[in-house]
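Residues per chain are reported as follows:
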Amino acid sequence: MEHIRLPKVENVKLLDRISHRRRRVGTLYLTATHTIFVESEAGVRNETWVLHSLVCSVDKLAATPSGCPLLIHCKNFQVLHFIISKEQECHDIHLSLQRLSQPESYDELYCFSYKPNVDEKERRQEWDFLDLKADYSRMGLPSSLWKLSPVNQHYKVSDTYPADLFVPESATPPVIVGSSKFRSRGRFPALSYYCKDNHAAICRSSQPLSGFSARCLEDEQMLEAILRSNPCSDFMYVVDTRPKLNAIANRAAGKGYENEDNYSNIKFQFVGIENIHVMRNSQQKMLEVCELRSPSMSDFLEGLESSGWLKHIKAVLDAGIFIAKAVAEEGVSVLIHCSDGWDRTSQVCSVACVLLDPYYRTLRGFMVLIEKDWVSFGHKFSHRCKHVVGDPKEVSPIIDQLLECVWQLMEQFPCAFEFNERFLITIHNHFYSCQFGNFIGNNQRERIELRVHERTHSLWSYLWANRTDYTNPLYRPNHSQTQGLLRASTSPYSFKFWKGLYNRFDHGMHPRQSVEDYLRAIQEETQQLEEQLSSHTQAIGVTEIAENLMLAIIKQCFGACYVAAE
Amino acid sequence: MEFAEHIKTANVEDVVLRQPLQPPSRGTLCITGHHLLFSDREESDSRQVLLLLRNIDAIEKSVENLTGYSGFFSNASHSERMSGSSGTITMKCKDLRVLQLDIPGMEQCLNIAHSIETLSCLDCVSAMYPFFYRPVDLSLPEQWGLSSPEMHYSQMKELYEKWRLSTVNRDYSVCPSYPPAVIVPKSIDDDTLKKAAKFRQGGRFPVLCYYHKKNGMVIMRSSQPLLGANRKRCKEDELLLQAVIEGSDKGYIIDTRSMQQAQQARMTGGGFESKSFYDRWKRFHRQMERGKALQESLIKLVEACGDESNNMDRWLSKLENSKWLSHVQNALSTAGLLVECVERDGHSVLVHGSEGTDCSLLISTLAQLIMDPCCRTMEGFLGLLEREWIQARHPFQQRCAHSAYSHARLQQESPVFLLLLDCVWQLWRQFPLALGFSEALLLRLATEVYASDYGTFLCNSDQERCALEVKERTHCLFRALLRPTERDYYSNPLYERTELAIWPSVHPQSLQLWKGYFLRWTQQVRHLEEAQEEIRNMVIEWGKLARS
């Protein structure tokens, strides 16, 4: 509370982002966790709540005769344009918000003070909702080819890796440790996905410390072991997700990529996804295009092109498709890495998994996927999402790109995903909101130190409890689109701008009627009717009265759903 | 007309047909006066492809002589040499499909190519297929079309007080492009109309096209006034417009040209309504692309969709460069302006550009869809198209002679109607429950307008249609679409009538490429169609239960 210089300002104007003529007048409140704007229009109590942890930047613009503008950009792409009449008040709000939105330590984060009405026993159960070991056993692991290795218990080999890791049965601890010493941050090759039908596996690591000529026998043995774990194949792919030039530049720093001559039977491949700095700048440019006040179609398309954003999304999807095809069609195992193996590598592993395995296209499966490839394998959420004050160069929308790749696939295959767009947008919101403990810190070790499981709530069980909101009514587990490998197109025309996320708060841009809500209402009624019908036929047969009653129910529900769609 | 003279080879065996989304098939090719028929050789599930030659926009042929060296062997007979040769014909259709035929025998290939080239663009309207189309389950209609200006007027009782049906054009002498009956203010007599018509290009004097029941305001449409360089005026035209806004303080004119274009038009005898003579009319200029520029836009867009470089920057820049989506945005926002004038501001509007047969129809049609729930049912929409595009005359024959692939020199081609369908599709995307018809109907219309079994889109005007007896000798597409089976297929399962205006968003983010049309022959669009199929099934399932 000590950071709040001014808890309340009256007579504040909130401008509409699209049309500045539309403005609302009200009172602005600052609380420990939220900025709240309450519209003072008589009759309606319209409130806008913004979590401090979602605030990305606060800018005070030059004062105008009508007042002093304060511009708040949020990490969920909400933009609030306030006009505060007195300059001093604006100044105070500005300073307070700047401090409130930039916590200096993890302990200040919202998740540690967020206390919904849930008792401690239930809270602990929330964290048991997802179990990664269950996912590995779903894949058929451990097996005669892959084993759970205790080598990283207490994070001794790699402090950014999870404690539990699957490695080839033949990989001995000396080989693993030796290999880890030859990889950036000790991130040795470990299993991410295993296809039990044909034994092909997706493994991940960081770059080798090969420099211009260094070799490491254990690392070579490690790759050999991965290759041997797939009895059906006599070679494996090693995919470096970086552009070739970046990888070569890394050699000068003693890092680099695998030399095909030193490893037996590997096929080495670059896929050219740009680094976190390029992605950050690209998204920034794209958001500037989204913010144009009334752009012409040409302004918009030119801006979108020059941001390069869709090009990068396509690159990630292309890489995922390459790997998914290697696994599903060629039955060949793949090792993926980038530099540290926690950004591009996570993206590509996840995209490949979504393409390969229908399970990851279900609600629960997608949560497991994020838990596996991102949370447990140490994607640096707190750095990338700027949960606490830190190096701005560490911030990058890598996880946003994963969600967008999945969204692009959902647009191509409307019946193949159990979840809907709202699910992705909600998850996106909570990567940044710090309301739940799941994404706090940069790796498993840090989360244990922060005692996240003891002190916070889990997003996954919250999403599961509300799953009816996040279900795609068109999902058909047995639809031809849903089966096996998704044959996605990456022709440039297959990619769309995701206005649902980037223009999420510009309601005027979105369809005015929702097919999804309509279908969901129909679906629920169909179920109800089926139940009613069977009970009626059992008891008395369908009488006219019952029929009329049902019709009345339908009409009632329907009216309600229509109002909701409006 | 003898088609036979254009057909030297009518049948070829052992032809390979390659078409999108299907494996190549081998079979027999047959050319008739109007069709290309291909039947698969497989006897188990024989597939046939019947293609209207009129649908073929451009062909490319290449022949190769595989036995090029056979000349060295003097004993090789002529026929043997020919049998070793083959050719390929690539047919690019107006529905944007690309088909390829591998034909054995160079001579046969050239004959077939020649037949396609000639028969696909015959100029003679009365020789076109609609005059020969006689399906067994359909007899020629007693009434052609859904309605007529007379019927339309008689159903609109609200009009009786202030508006009348004039038959001043009964013999097409006042305005060759108008139907014989038009709706005009009651206080204006036929002599005044005749004089006003002389002051409008092509005689297209202001007539009523829409009456807004909520507030009694109207949309009128016309062509440009013929002011010319010395600013002529016409009392009768002024009177006619004055009568439109009788009892109201003002009216609006939406000119679909820029101010500069409208001024330049004076040099060629045209112009715009000047403030001094039409002082109660307020003019807006909204420049809309038409004619050749629009056709070129379509050509560029289709070219971009066929680009196989797989390069995102290139795609986005080509998409932008085609300007097609800009035209969509522009059309919807001009229609929005028109609706704002009528619905929000409560004033009558006159719409025109120069000829009043393209953009004026486009925006008046869109405005009616946005405002009037009656136009959003399937009958309502087809009736609207009939009134605005068939009766009020869009020159379909000229505008849709060729589509995006043709190498022919551009003449009067312009995809205004396609732009309309695209805009309607955008409305459907934004208001998926508000229209009574589905995307499939728009696609069907987009195909039929270029090549059709029906006579609906033949000719350039009502007058031409009468001269050729189109209404007696062809079937009407709109009536066919309203037969029960077709109506089921083309209806929107989610339709829920709403009385409100459906204001479209015209933000670039809200508008999308119409994949269903422009990428119709790709796998991706199949997935989207499957989703629509699922939606239909869900609604049917629910409906069955609700009824049981």
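About the cut-offs
Residues numbered from 1 in each chain as written. Chains lettered and ligands numbered in written order. Predicted model: local features only at pLDDT ≥ 70, side-chain atom pairs only at ≥ 80, totals over all residues. Heavy atoms only, no water. UniProt positions renumbered as here; feature names shortened; annotations may be inferred. Patch = residues over 30% accessible without salt bridge, like charges linked within 9 Å, V, L, I, M, F, W, Y side chains within 5 Å. Areas by Shrake-Rupley, 256 points an atom, 1.4 Å probe, with all protein chains shown as cover. Salt bridge = Lys/Arg side-chain N within 4 Å of Asp/Glu carboxyl O. Lys, Arg positive; Asp, Glu negative; His and termini not counted. Charge placed at Lys NZ, Arg CZ, Asp CG, Glu CD. Helix = DSSP H or I, 4+ residues; strand = E, 2+ residues; numbered from the N terminus. Buried < 20%, exposed > 50% of the residue type's maximum accessible area, 1.4 Å probe, protein only. Axes fitted to C-alpha atoms, helices over the stretch in contact; angles between N-to-C directions. Parallel < 35°, antiparallel > 145°, perpendicular 65-115°, else oblique. Left-handed = near helix turned anticlockwise from the far one by under 90°. Contact = heavy atoms within 4.5 Å. Nonpolar A, V, L, I, M, F, W, Y, C, P; charged D, E, K, R; others polar. Pairing = 2+ DSSP bridges. Domains from an automatic or database assignment. Buried area = accessible area lost by both parts, 1.4 Å probe. Polar contact = N/O pair within 3.5 Å; in protein donor to acceptor, adjacent residues only side chain to side chain. Phe/Tyr/Trp six-rings, centres within 6.5 Å; stacked < 30°, edge-to-face > 60°.

If you look chain B up in an unreviewed UniProt entry, it shows as Myotubularin phosphatase domain-containing protein from Astatotilapia calliptera. The record held by UniProt for chain B lists under Sequence similarities (unreviewed entry) the comment "Belongs to the protein-tyrosine phosphatase family. Non-receptor class myotubularin subfamily."

Chain A has the name Myotubularin phosphatase domain-containing protein in an unreviewed UniProt entry, where Astatotilapia calliptera is given as its organism. UniProt annotates chain A under Sequence similarities (unreviewed entry) with the comment "Belongs to the protein-tyrosine phosphatase family. Non-receptor class myotubularin subfamily."

A.B. asks: I'm lost on a positive patch on the surface in this one. Help?
C.D. replies: Residue and element names in this part refer to chain B. A cluster of basic residues, R170, K194, K195 and K198, forms a positive patch at the surface. Its location among the elements puts K194 in helix α4 (residues 190-198). Relative accessible area serves as the criterion here: at 39%, K194 is assigned to the partly exposed category.

A.B. asks: Teacher, can you tell me more about the packing of helix α10 (residues 344-356) of chain A against helix α11 (residues 363-376) of chain A here?
C.D. replies: Helix-helix packing is characterised by the crossing angle of the two axes and by the distance between the axes. Residues and elements named next belong to chain A. Running from N to C, α10 and α11 cross one another at 150°; their axes reach a closest spacing of 10 Å. Accordingly, the angle class assigned to the pair α10 and α11 is roughly antiparallel. With respect to the hand of their crossing, α10 and α11 are arranged in right-handed fashion. On the side of α10, the interface is formed by S346, Q347, C349, S350, C353 and V354, while α11 contributes F366, L369, K372, D373 and W374. Of the residues in the contact of α10 with α11, the class split is 6 nonpolar, 3 polar and 2 charged.

A.B. asks: Would you mind going over the sheet that holds strand β14 (residues 348-352) of chain B with me for this structure?
C.D. replies: Note on sheets: strands pair through backbone hydrogen bonds, and any given pair is parallel or antiparallel. All names here are of chain B. Overall, mixed pairing links the 5 strands, which are arranged β10-β11-β14-β12-β13 in an open sheet. This sheet does not close on itself; its edge strands, each paired only once, are β10 (207-212) and β13 (281-285). Between one strand and the next, the sheet's axes are offset by a mean angle of 20°, whatever the strand orientation. Each of β11 (217-221), β13 and β14 is contacted by helix α5 (residues 235-244), which is oriented at about 100° to β13, the strand it contacts most.

A.B. asks: Is there a simple way to explain the domain arrangement of chain A in this structure?
C.D. replies: Many analyses report the size of an interface as the accessible area lost when the parts associate. Residue and element names in this part refer to chain A. Here chain A is partitioned into domain 1 (6-101) and domain 2 (123-506). Look at where the C-alpha atoms of domain 1 and domain 2 centre, and you get two points 37 Å apart. Of the residues lining the interface, 13 residues belong to domain 1; the matching set on domain 2 comes to 20 residues. When the two sides are added together, the surface that domain 1 and domain 2 hide from each other amounts to roughly 1,400 Å², 54% of it contributed by carbon and sulfur. Seen at the junction of domain 1 and domain 2, the total is 0 salt bridges. Summed over the shared surface of domain 1 and domain 2, the result is 5 residue pairs in polar contact (both at pLDDT 80 or more). Here the side of domain 1 that touches domain 2 is composed, by residue class, of 6 nonpolar, 5 polar and 2 charged.

A.B. asks: Would you mind going over the packing of aromatic side chains with me for this structure?
C.D. replies: To describe a pair of aromatic rings, one takes the distance between the centres and the angle between the planes. Throughout the structure, instances matching the rule amount to 49 aromatic pairs over all chains. A centroid spacing of 6.2 Å and a plane angle of 85° characterise the contact between W498 of chain A and Y502 of chain A, whose relative ring orientation is edge-to-face. For W498 of chain A, a relative accessible area of 0% puts it in the buried group. Seen in terms of ring centroids, W389 of chain B and F417 of chain B are 5.3 Å apart; in terms of plane orientation they differ by 70°. Their pairing is edge-to-face. Of the two residues, W389 of chain B sits in helix α11 (residues 378-391) while F417 of chain B sits in helix α13 (residues 416-430), which places them 28 residues apart along the sequence.

A.B. asks: Looking at this structure, how should I read the UniProt feature "binding site: substrate" (unreviewed entry) in chain A?
C.D. replies: All names here are of chain A. Taking the UniProt record as the reference, the feature "binding site: substrate" (unreviewed entry) is found at N275, I276, C338, S339, D340, G341, W342, D343 and R344. A maximum C-alpha distance of 12.1 Å among these annotated residues, which run over 70 residues, shows that they cluster at one spot. For I276, the location among the structural elements is in helix α7 (residues 276-291). Given the relative accessible area of 13%, I276 is considered buried. Once you skip the residues sitting within four places of it in the chain, I276 turns out to touch D343, R384, K393, E394, S396 and I398. Assignment of secondary structure puts D343 in the loop between β14 (334-337) and α10.

A.B. asks: How should I be thinking about the interface of chain A and chain B in this particular structure?
C.D. replies: Each partner contributes residues to the interface: chain A has 57 residues there, and chain B has 52 residues. With both chains or domains summed, chain A and chain B bury close to 5,000 Å², and 65% of this area falls on carbon and sulfur atoms. It is M297, Y493 and Q513 of chain A that lose the most area in chain A upon contact with chain B, and together they represent 16% of the buried surface on that side. Inspection of the region where chain A meets chain B yields 2 salt bridges. Salt-bridge contacts for E534 of chain B lead to R476 of chain A; the nearest nitrogen and oxygen are separated by 2.8 Å. Linking chain A to chain B there are 17 residue pairs in polar contact (both at pLDDT 80 or more). Of all the secondary-structure elements, those providing two or more residues to the side of chain A that touches chain B are α8 (297-307), α9 (309-330), α13 (398-412), α19 (515-539) and α20 (544-565) of chain A. Along the lines of polarity and charge, the residues of the side of chain A that touches chain B split into 29 nonpolar, 15 polar and 13 charged.

A.B. asks: How do you make sense of the sheet that holds strand β11 (residues 201-205) of chain A when you look at a structure like this?
C.D. replies: Residues and elements named next belong to chain A. Taken in spatial order, the 5 strands of this open sheet run β10-β11-β14-β12-β13, and their pairing is mixed. Each having just a single partner strand, β10 (190-194) and β13 (266-270) make up the two edges of the open sheet. Taken over all neighbouring pairs, the strand axes of this sheet differ in orientation by 25° on average, direction set aside. Judged from the 4 bridges that link them, β10 and β11 form a sheet pairing that is antiparallel. Within β11, the position partnered with A190 by the bridge is R204. Lying on the sheet, α10 is in contact with β10, β11 and β14; it crosses β11 at an angle near 170°.

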